[in-house]
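Understanding the architecture of this molecule
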Amino acid sequence: MKKRFLAIAIAAGLASPFAANADATVYGKINLSVGTVDEGNFGDDNWQVRSHASRLGVKGSEDLGNGLSATYKLEYGVSPDEGATGQNGGGDGGLSRRNQYVGLKGGFGEIRVGRHDTPLKMSQGKWDQFNDMDGDLGNISGGENRLDNVVAYLNKVGNVKFAVAIVPGEGDGQTTGGDGISDTISAMGAYSSGPLYVALAFDSYDDTTGGIADSEGFEDRTRLTAIYKMGKMQFGFIWEDSGAVTGGEDADGYGLNFAMGMGKNKVKFQYITGEDDADNEATLMSLGYDWGLSKRTTAYVSYNDYEAEDAAGNTGEEATTMVAGMIHKF
Amino acid sequence: MKKRFLAIAIAAGLASPFAANADATVYGKINLSVGTVDEGNFGDDNWQVRSHASRLGVKGSEDLGNGLSATYKLEYGVSPDEGATGQNGGGDGGLSRRNQYVGLKGGFGEIRVGRHDTPLKMSQGKWDQFNDMDGDLGNISGGENRLDNVVAYLNKVGNVKFAVAIVPGEGDGQTTGGDGISDTISAMGAYSSGPLYVALAFDSYDDTTGGIADSEGFEDRTRLTAIYKMGKMQFGFIWEDSGAVTGGEDADGYGLNFAMGMGKNKVKFQYITGEDDADNEATLMSLGYDWGLSKRTTAYVSYNDYEAEDAAGNTGEEATTMVAGMIHKF
Amino acid sequence: MKKRFLAIAIAAGLASPFAANADATVYGKINLSVGTVDEGNFGDDNWQVRSHASRLGVKGSEDLGNGLSATYKLEYGVSPDEGATGQNGGGDGGLSRRNQYVGLKGGFGEIRVGRHDTPLKMSQGKWDQFNDMDGDLGNISGGENRLDNVVAYLNKVGNVKFAVAIVPGEGDGQTTGGDGISDTISAMGAYSSGPLYVALAFDSYDDTTGGIADSEGFEDRTRLTAIYKMGKMQFGFIWEDSGAVTGGEDADGYGLNFAMGMGKNKVKFQYITGEDDADNEATLMSLGYDWGLSKRTTAYVSYNDYEAEDAAGNTGEEATTMVAGMIHKF
């Protein structure tokens, strides 16, 4: 299970027995919280134990020689709080598929085939201070997608990382859906140097009738991400614009955040807002504090407030959550 | 995957590569039997291959310093005989969630959050001689529960182990279900010294309208467990009383068992009976023999007889099973 | 996770910590392709990313002394391209059960209990040049089965391997399905010496009303497999005959294939055809080239053509696929 350890063993002359699976690493992350969820008059108002994108996976790579290597990952979302079928759904495994692919890596970059985050999602890098939590960017942005049937190309040249993914619509070739190899396209480029990280990304959905089209009715999307570090402080800005299919409403939004390290701990704040052309808007504000118990273990508290409002100023969905929890990576 | 081995490797100066997942242990238990199942006139009367609580999990812990450690477990029930959707249900994974949690352990004890056995279930310790088999205590007792959304606290002081778990009902805060943090409470204390183990435990369900309430309509439960060892022999007694919600019938029951080691093998007998206030009763009698093939592998045969009878003496469900099987832990 | 490595460690005096799971090996195989699928006028005509029997498992064995060992395997099919519920079915784990069993091995052979390939399926050995791909034998033959509730016995005597599996129908013992221990029987014998491999196998389904009966309405099946190696070349022949239940049509078919190694690479061709007594027929022709990137990693291209025709010469289902892909074992 430990590639590098086995490398050491191999160096010590114990090589051959390991050939079969020298590099399979079992890894995961469990993030559970206890807290209150108040969704106003029309939803929950209670205490909840919740899992936040907890996961379990197997990954590895193999040196093929000539500068080539094979890579793979099979990552599953897990549900330590409750199963897909709800409370005490002990009879369902509660598993979902996350990034799962096989890849080939070399001087030319890396090609991955399988289920994968879109480059536009990848482009935020480490922007999101409340990733997987109630303050997650994905609760406002429609661009946080992980898609099936992805063919992705990733590379890094100097200070610039880039990635392109194409996704066949897998329609039937006659009447429904796209039938090409690139019915959906997502691309990103990210420049990173010293304290600065800037990324630009695009999504394009040509296949608005098929299963892979953006589920919210958009045909394209642009995202700009910027992160700047100043000593123990980090400032972030993100902007996203989504173009609707005919008859829909375009939408755009932005986010700002700030984090400050305090020894092993961190205080953090994030504000994200979005609005469509019909003046429906939503805002999400989060405040949190992390205790770094180790590189792999973090305890946290956070407060999150979400509010949606239509053009006439009527309040729609709203949610206020206060949670305390722990993240453990293995 | 082997924490302790890696500890050795670390001592030998190979430490750094392992930091990422030094402690993830993949483990499991497969228990399959072949045998006859006769459920009388209204059920099966046939040969069956059956799995008995077979499982696969990942667990580990991390030393956080200062006497603290992070703990976790993700355990799944597996179905090597047939899937959740029945025979040759090859298209479903047949996985179910067992204990799954993240925890923090220190001088104060251990807090675990996730899906977990109730302390009342835990209180039986190693009482059940036919655990997971047809003679399992849970086939008579309603107290053998594993619940979602548990916050549990465990500790040991001298010869006394105790545990308390609270479970939010996660109702909607307005009309249905409990909305507090402790709609269900389960607690236990166990004293263990030399040949003697005695445990007392309670369940309390305040949330009889929500999803977490005892599914059989009880609002509280008390259990007493006693185990006494005398040389190669072990005697066990268990007693349980369940209080029904208004309009229901209270129920109580008890169990007796006996086991005797014979070298690496063991002969065992167990009798469990329960009755409600309306005189409906059920009894379960089991006789078994285990061959200890190693610490991790056991072959067994067992005979089990279950019979339910209503107040008028009419026979209800009945089942007689004779099975031979093997348990392998890894 | 590495049995043999741990064996070495044990020899070096580090034994005791590993006792708990010294032999659990996490392993798997990911096979993903990109290509075109053209099913004629009535199906897909598009580009697709597809997974071909990708899998993830845990297996191991334990030496019990006296020449005995315990064996086990829990293997799952995985879906890195898309889940069981279709495109972007991220909410389902996409897992299916493959061979899953616990076994006992000794001088007498090996007994396995669980879900397992039938001996008839096993009898093809390494015949199929397009195993798991569009050219797979199972796309014409009805004998490629993996069944639940199997009790299998495997042994090897000199140059002859044989296997027998019995499967209880698990009917209810009164009105439906078989209720014996051997409602389905599958058996094989294979002789292997130098360049030659010959195998003969039988299936018998006594239980045509139960869940385990052959899903295509056959009550027995016979298969003959032959493989001959000549230098870098391999020739294969397979023949199968299936007897229908009363009122059905018997069917038979055969397959021929050829492969030639070219350094680490391989060119291969396969033709399989089947016909029933009513003159409905189907043929499957495949041509492929494999690049051996390492023992564990293979890149490939293949062309496959399937065509079904009824007695009157009307074309039924047809499919032409061209794919490029990669297989990585770990």
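Okay, the overall build of chain A next. From N to C terminus, chain A includes two helices and 17 strands. Out of the 330 residues belonging to chain A, those deemed buried represent 54%. Excluding contacts between residues fewer than 6 apart, the proportion of contacts in chain A whose partners are at least 24 apart in sequence is 50%.

Positive charge collects at one region of the surface, where Lys126, Lys156, Lys161, Lys229 and Lys329 of chain A lie side by side. With respect to the element layout, lysine 156 of chain A can be found in strand E7 (residues 146-157).

Across all of its chains, the model carries three cavities of 30 Å³ or more by this definition. Leu56 and Val58 of chain A, Leu56 and Val58 of chain B together with Leu56 of chain C are the residues nearest the centre of the largest cavity, which is lined by 22 residues in total. Every element with two or more residues in the lining of the largest cavity is listed here: strand E3 (55-65) and strand E4 (68-77) of chain A, strand E3 (55-65) and strand E4 (68-77) of chain B together with strand E3 (55-65) and strand E4 (68-77) of chain C. Taken together, the residues that form the lining of the largest cavity break down as 19 nonpolar, three polar and no charged.

Taken as a whole and assessed by the stated rule, the structure comprises 45 salt bridges over all chains. A salt bridge links glutamate 62 of chain C to arginine 296 of chain B; its shortest N-O distance comes to 3.9 Å. On the criterion of chain membership, the pair formed by glutamate 62 of chain C in strand E3 and arginine 296 of chain B in the loop between strand E15 (281-292) and strand E16 (297-309) is interchain, its members lying in two chains. The two residues glutamate 62 of chain C and arginine 296 of chain B agree in class, both being buried. Residues participating in the shared-partner salt-bridge network are Glu144, Asp203, Arg221, Arg223 and Glu240 of chain A.

Moving on: a nonpolar patch on the surface. All names here are of chain A. A contiguous nonpolar surface patch, about 490 Å² in accessible area, is contributed by Val160, Tyr191, Leu196, Tyr228, Met230 and Phe235. With respect to the secondary-structure elements, leucine 196 resides in strand E10 (residues 196-205). Owing to a relative accessible area of 31%, leucine 196 belongs among the partly exposed residues under this scheme.

Here the focus is the packing of aromatic side chains. This model, assessed by the stated rule, comprises 15 aromatic pairs over all chains. Judged by centre distance (5.3 Å) and plane angle (50 degrees), the ring pair of phenylalanine 235 of chain A and phenylalanine 258 of chain A falls under tilted. Placement of phenylalanine 235 of chain A in strand E12 (residues 233-244) and of phenylalanine 258 of chain A in strand E13 (residues 251-262) is noted, with a sequence separation of 23 residues between them. Residue phenylalanine 235 of chain A is classed as partly exposed on the basis of its relative accessible area, which comes to 33%. You can call phenylalanine 258 of chain A partly exposed: its relative accessible area is 25%. Ring geometry for tyrosine 289 of chain C against tryptophan 291 of chain C: centres 4.8 Å apart, planes inclined by 70 degrees, an arrangement best described as edge-to-face. Over the ring of tyrosine 27 of chain C we find lysine 59 of chain C; its NZ or CZ atom is 4.4 Å from the centre of that ring.

This part covers the environment of threonine 297 of chain A. Among the secondary structure elements, threonine 297 of chain A is positioned in strand E16 (residues 297-309). Accessibility expressed as a relative area gives 0% for threonine 297 of chain A, which makes it buried. The spacing of threonine 297 of chain A and histidine 328 of chain A is 31 residues in sequence and 4.5 Å in space, taken between C-alpha atoms. Not counting the four nearest positions on each side in its chain, threonine 297 of chain A is found in contact with Trp291, Gly292, Met326, Ile327 and His328 of chain A together with Glu62, Leu64 and Ala70 of chain B. Here the side chain of threonine 297 of chain A touches histidine 328 of chain A through a polar contact of 2.8 Å, side chain to side chain.

Moving on to unusual backbone geometry. In this model, asparagine 66 of chain B sits at a positive phi of 55 degrees, which is unusual for a non-glycine residue. Among the structural elements, asparagine 66 of chain B can be located in the loop between E3 and E4. Phi at alanine 53 of chain C takes a positive value of approximately 55 degrees, unusual for a residue other than glycine. Relative to the helices and strands, alanine 53 of chain C is located in the loop between strand E2 (45-51) and E3. A relative accessible area of 26% places alanine 53 of chain C in the partly exposed class.

With that settled, consider the pairing of E7 of chain A. All names here are of chain A. In terms of residue burial, E7 counts as a mostly covered element, since nine of its twelve residues are buried. In this sheet, strand E8 (residues 160-167) lies alongside E7 in antiparallel orientation, the contact comprising seven bridges. Bridge pairing links asparagine 155 to phenylalanine 162 in E8. In this antiparallel pair of consecutive strands, E7 and E8, the connection spans two residues, and glycine 158 shows a positive phi of 60 degrees.

Take the pairing of strand E16 (residues 297-309) of chain C next. All names here are of chain C. Where strand E15 (residues 281-292) lies against E16, twelve bridges are found, and the strand directions are antiparallel. Across the sheet, residue glutamate 281 finds its bridge partner in E16, namely glutamate 309. Two elements, E16 and strand E17 (residues 315-329), share twelve bridges in a ladder whose sense is antiparallel. Following the sheet pairing, valine 301 is matched in E17 by alanine 324. Connecting E16 to the next strand, E17, in antiparallel fashion are five residues, including glycine 313 with a positive phi near 85 degrees.

What follows is about the side chain of aspartate 117 of chain A. Residues and elements named next belong to chain A. Structurally, aspartate 117 is set in strand E6 (residues 109-117). Side chain to side chain, aspartate 117 and arginine 146 meet in a polar contact 3.0 Å long. Other than its neighbours up to four places away in sequence, aspartate 117 contacts Asn99, Met122, Asn145 and Arg146.

On to the environment of threonine 71 of chain C, then. Residues and elements named next belong to chain C. Along the chain, threonine 71 falls in strand E4. Measuring from C-alpha to C-alpha, the distance between threonine 71 and valine 102 comes to 5.7 Å, with 31 residues separating the pair along the chain. Sequence-distant contacts of threonine 71, that is, excluding residues within four places in its chain, are made with Gly60, Ser61, Tyr101, Val102, Gly103, Leu104, Lys105 and Glu110.

The subject of this paragraph is the environment of glycine 143 of chain B. All names here are of chain B. Tracing the backbone shows glycine 143 in the loop between helix H2 (119-122) and strand E7 (146-157). What makes glycine 143 buried here is its relative accessible area of 0%. Taking the C-alpha atoms as reference points, glycine 143 and aspartate 241, separated by 98 residues in sequence, lie 9.6 Å from one another. If we ignore the near neighbours within four places in the chain, the residues touching glycine 143 are Thr118, Leu120, Lys121, Arg221, Arg223 and Glu240.

Let us now look at the confidence of the model for chain A. Residues and elements named next belong to chain A. For chain A, mean pLDDT is 88; residues scoring 70 or higher make up 88% of the total. Low pLDDT (under 50) marks residues 1-20, which in the prediction has 42 contacts with non-local residues, meaning those over four places away or in another chain. Across the interfaces of the predicted complex, the ipTM metric reaches 0.90, alongside a pTM of 0.92.

Cut-offs used in this document
Residues numbered from 1 in each chain as written. Chains lettered and ligands numbered in written order. Predicted model: local features only at pLDDT ≥ 70, side-chain atom pairs only at ≥ 80, totals over all residues. Heavy atoms only, no water. Helix = DSSP H or I, 4+ residues; strand = E, 2+ residues; numbered from the N terminus. Buried < 20%, exposed > 50% of the residue type's maximum accessible area, 1.4 Å probe, protein only. Contact = heavy atoms within 4.5 Å. Patch = residues over 30% accessible without salt bridge, like charges linked within 9 Å, V, L, I, M, F, W, Y side chains within 5 Å. Areas by Shrake-Rupley, 256 points an atom, 1.4 Å probe, with all protein chains shown as cover. Salt bridge = Lys/Arg side-chain N within 4 Å of Asp/Glu carboxyl O. Lys, Arg positive; Asp, Glu negative; His and termini not counted. Charge placed at Lys NZ, Arg CZ, Asp CG, Glu CD. 1 Å grid on protein atoms, 1.4 Å probe; cavity = no way out; pocket = protein on both sides within 12 Å on 5 of 7 lines; lining within 4 Å. Points joined across faces, edges and corners; volume = space filled by probe spheres on them. Nonpolar A, V, L, I, M, F, W, Y, C, P; charged D, E, K, R; others polar. Phe/Tyr/Trp six-rings, centres within 6.5 Å; stacked < 30°, edge-to-face > 60°. Lys NZ or Arg CZ within 6 Å of the ring centre and 35° of its normal. Polar contact = N/O pair within 3.5 Å; in protein donor to acceptor, adjacent residues only side chain to side chain. Pairing = 2+ DSSP bridges. pLDDT = per-residue confidence, 0-100.

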